Amino acid sequence: YKMKTLKQRLDENQEPQKAIINTIKSHEKFYTRIRRRVKRIIQQEHSYFMTFTLKDEALNLHQRTHVKKITETLASLSVIDYVLNNDYGDKYNRLHYHCVACFDFQLDYTTFYEVYKYGAVNCRAIIKKDLKSITEYLLKLTNHALKKTSAKIWRKRMPKYPKIEGLKELLYDDTSRD
């Protein structure tokens, strides 16, 4: 998803004040959608926070290749939904990816190592589902996805819905508000 920049809006001859307001509103709507989506994901029974690191030889590959391999890994594990972002480490400024995802079933972590050949995967189940814990996870994950060193966010376009009745509506019903 690409939001128009302030410069693009001004180039379209929007009045400066209107361009500023539209840019701010666009960012706010985007952040709200990401927060809502992360919240829905972590409320599922089998939700996980993952970090995908890259081997030295994979660092030179194009970012599209990284994302493709990560999303192929998630798809091979029958992911329902995910939000993925790139990030650079504080200490070594090394590229890696963070993901929050939900699945139909409890994951077998060894499967990651069989499928993802471009580095390591650190996967942690999101266990606490009470309101306080979900709020803390939500803040942590959303802030991680939206922080300044994160340049891009990807999310699943068409979810593979599980056979659980009502999960589709829970995950994607835009009438539910935070």
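Positions within a chain are numbered from 1, following the residues in the order the chain's sequence is written. Side-chain atom pairs in this predicted model are given and counted only at pLDDT of 80 or more, local residue features only at pLDDT of at least 70, and totals for whole chains, interfaces and linings cover all residues. The side-chain figures draw on all heavy atoms in the structure; neither hydrogens nor water molecules are used.

## Let's talk about unusual backbone geometry
Across the chain, the bulk of peptide bonds are trans and the bulk of non-glycine residues have phi less than zero. Residues other than glycine seldom take positive phi values, yet Ser78 does so here, at roughly 60°. For helices the rule is a DSSP run of H or I covering at least 4 residues; for strands it is a run of E covering at least 2, with both sets numbered from the N terminus onward. Secondary-structure assignment places Ser78 in the loop between helix 3 (63–76) and strand 2 (79–88). To sort residues, take the accessible area from a 1.4 Å probe on protein chains only and compare it with the maximum for the residue type: under 20% means buried, over 50% means exposed, and anything in between is partly exposed. What makes Ser78 partly exposed here is its relative accessible area of 21%. With phi around 55°, Asn93 is a residue other than glycine that occupies positive phi space. Its location among the elements puts Asn93 in the loop between strand 2 and strand 3 (95–103). Asn93 gets classed as exposed once you look at its relative accessible area, which sits at 54%.

## What to know about a nonpolar patch on the surface
For patch building, the residue pool is restricted to those with more than 30% relative accessible area and no salt bridge; the joining distance is 9 Å between like charges and 5 Å between nonpolar side chains (Val, Leu, Ile, Met, Phe, Trp, Tyr). The protein chains shown are the only cover counted for residues, whose accessible areas, like all others here, come from Shrake-Rupley with a 1.4 Å probe. By salt bridge we mean one thing: a side-chain nitrogen of Lys or Arg within 4 Å of a carboxyl oxygen of Asp or Glu. A cluster of nonpolar side chains, Leu6, Leu10, Ile20 and Ile24, forms an exposed patch at the surface whose accessible area comes to about 300 Å². Those elements that provide at least two residues to the nonpolar patch are helix 1 (6–11) and helix 2 (16–42). Residue placement: Leu10 occurs in helix 1. Given the relative accessible area of 36%, Leu10 is considered partly exposed.

## So, the nonpolar core
To form a nonpolar core, buried Ala, Val, Leu, Ile, Met, Phe, Trp, Tyr and Cys residues must be joined to one another through side-chain atoms within 4.5 Å. Counting residues in hydrophobic clusters, the biggest one holds 22 residues, and the most contacted among them are Met50, Phe52, Leu74, Tyr97, Cys99, Phe103 and Phe112. Among the secondary structure elements, those contributing two or more residues to this core are strand 1 (46–53), helix 3, strand 2, strand 3 and strand 4 (121–125). Element by element, the count of residues in this core is highest for strand 3, at 5 residues. If you look at the next biggest cluster of nonpolar residues, it comprises 10 residues, including Phe30, Ile41, Ile80 and Val83.

## Let's talk about the packing of aromatic side chains
The aromatic pairing rule takes the rings of Phe, Tyr and Trp, using the six-membered ring of Trp, and pairs them if the centres are within 6.5 Å, calling planes under 30 degrees apart stacked, those over 60 edge-to-face and the rest tilted. A complete count under the given rule lists 4 aromatic pairs for this structure. Relative to Phe103, the ring of Tyr48 lies with its centre 5.8 Å away and its plane at 70°, an arrangement referred to as edge-to-face. Placement of the pair is Tyr48 in strand 1 and Phe103 in strand 3, with a sequence separation of 55 residues. Phe103 matches Tyr48 in its accessibility class, with the two residues each being buried. Each ring, one from Phe52 and one from Tyr116, has its centre 5.2 Å from the other, and the planes form 75°; the classification is edge-to-face. Taken together, the residues span a long stretch of sequence, with Phe52 in strand 1 and Tyr116 in the loop between helix 4 (109–115) and strand 4 at a distance of 64 residues.

## Concerning the pairing of strand 3
It is a general feature of regular strands that their side chains alternate between the two faces of the sheet. Taken across its 9 residues, strand 3 has 9 buried, putting it largely inside the fold. Across the two faces of strand 3 the burial is the same, with Leu95, Tyr97, Cys99, Ala101 and Phe103 and His96, His98, Val100 and Cys102 all buried. Pairing between strands requires that DSSP locate at least two bridges from one strand to the other. Sheet topology note: the strand 1/strand 3 ladder contains 8 bridges and is antiparallel. In the strand pairing of strand 3, Phe49 is matched with Val100. Of the strand pairs in this sheet, strand 2 and strand 3 are connected by 9 bridges, and their pairing is antiparallel. In the strand pairing of strand 3, Val79 is matched with Phe103. Hairpin connection of strand 2 to strand 3: 6 residues between the antiparallel strands, including Asn93 at a positive phi of 55°.

## So, helix 3
An α-helix turns once per 3.6 residues; consequently, residues spaced three or four apart project the same way. The end-to-end C-alpha separation of helix 3 is 20 Å, in line with the 20 Å expected for 14 residues at 1.5 Å each. Downstream of helix 3 by a residue or two, Ser78 has a phi angle that is positive, lying close to 60°. Working rule for helices: expected span equals 1.5 Å times residues minus one.

## Quick notes on the environment of Asp108
Tracing the backbone through its elements, the reader meets Asp108 in the loop between strand 3 and helix 4. The spacing of Asp108 and Leu77 is 31 residues in sequence and 9.3 Å in space, taken between C-alpha atoms. Two N or O atoms form a polar contact when they lie within 3.5 Å of each other; inside protein one atom must be a possible hydrogen donor and the other a possible acceptor, and for residues adjacent in sequence the pair counts only when both atoms belong to side chains. Polar side-chain contacts of Asp108 include one of 2.8 Å to the side chain of Thr110.

Just geometry here; none of it tells us what the structure is for.
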